[in-house]
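Here is how the chains run, residue by residue.
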Amino acid sequence: MKTYTILIAENDEDERFFMQQGFDEASDLFEVEALVKNGDALLEWLTLNAPRKPDVILSDLNMPGKNGYDLINELKAQPAYASIPVIIASTSPIQSTIERCLTLGAADYIIKPETFIEYGPFVRELHQRIIQKELIP
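Residues numbered from 1 in each chain as written. Predicted model: local features only at pLDDT ≥ 70, side-chain atom pairs only at ≥ 80, totals over all residues. Heavy atoms only, no water.

1. What about the sheet that holds strand E1 (residues 4-9)?
Piece 1. Spatially, five strands are ordered E2-E1-E3-E4-E5 in an open sheet, and the strand pairing comes out parallel. Two strands in the sheet have a free side with no partner beyond their single neighbour: strand E2 (30-36) and strand E5 (108-111). Here the average twist between neighbouring strands, direction ignored, is 25 degrees.
Piece 2. Looking at chain direction, E1 and E2 are connected through six bridges and run parallel. Paired with Ile8 across the strands is Leu35, a residue of E2.
Piece 3. Along the sheet, helix H2 (residues 39-48) contacts E1, E2 and strand E3 (56-60); its crossing angle with E1, the most-contacted strand, is approximately 140 degrees. (Pairing = 2+ DSSP bridges. Helix = DSSP H or I, 4+ residues; strand = E, 2+ residues; numbered from the N terminus. Axes fitted to C-alpha atoms, helices over the stretch in contact; angles between N-to-C directions. Contact = heavy atoms within 4.5 Å.)

2. Looking at the packing of helix H3 (residues 68-77) against helix H4 (residues 95-104)
Piece 1. Packing of H3 against H4 leaves a shortest axis separation of 9 Å and a crossing angle of 15 degrees. When the interaxial angle is binned, H3 and H4 end up roughly parallel. Where H3 crosses over H4, the handedness of that crossing is right-handed. Across from Tyr69, Ile72, Asn73 and Lys76 in H3, the residues of H4 making contact are Thr97, Arg100, Cys101 and Leu104. (Parallel < 35°, antiparallel > 145°, perpendicular 65-115°, else oblique. Left-handed = near helix turned anticlockwise from the far one by under 90°.)

3. Looking at the nonpolar core
The nonpolar side chains of soluble globular proteins are, as a tendency, buried together.
Piece 1. Grouped together as the largest cluster of nonpolar side chains are 23 residues, with contacts concentrated most on Leu42, Leu46, Ile57, Leu75, Ile88 and Cys101.
Piece 2. Breaking this core down by element, the ones donating at least two residues are E1, E2, H2, H3, strand E4 (86-90) and H4.
Piece 3. Excluding residues within four positions of it along the chain, Ile57 makes contact with Leu7, Leu42, Leu46, Leu75, Ile84, Pro85, Val86 and Ile87.
Piece 4. In this structure, Met19, Ile87, Ile110 and Leu126 belong to the second largest nonpolar core, which totals 20 residues. (Core = buried A, V, L, I, M, F, W, Y, C linked by side-chain atoms within 4.5 Å. Buried < 20%, exposed > 50% of the residue type's maximum accessible area, 1.4 Å probe, protein only.)

4. A look at the side chain of Ser59
Piece 1. Assignment of secondary structure puts Ser59 in strand E3.
Piece 2. Ignoring anything within four residues of it in the chain, the contact list for Ser59 reads Ala9, Gly68, Leu71, Ile87, Ile88 and Ala89.

Printed below as a string of structure tokens:
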């Protein structure tokens, strides 16, 4: 199975910890380039690590500073990053929120687990969705 490089933005410290564990358990599916605390830090990472680009970006929706909506807009507006699929992760199942993200240019929208211990299955589901939707060539 293909291993993808991923850059993640998540503002909640506990969630970052458990998310990292989930990705560590699935190291055959993803190589985490960085796990940053918000959209500003994600954009800074991309700038500091150019021309290296992740295969996919996973971003929380609601974060201080640049949030998921801001990230989609900024990344899609920059030719160097516009082709990187951005997947939004949120606890919100509200259809209008999902539609807004997809309309702005998100490649997908995935609901976060209700409990931190469910990040192993979440990571496997994320990988499967990338394959099924052919988000990465």
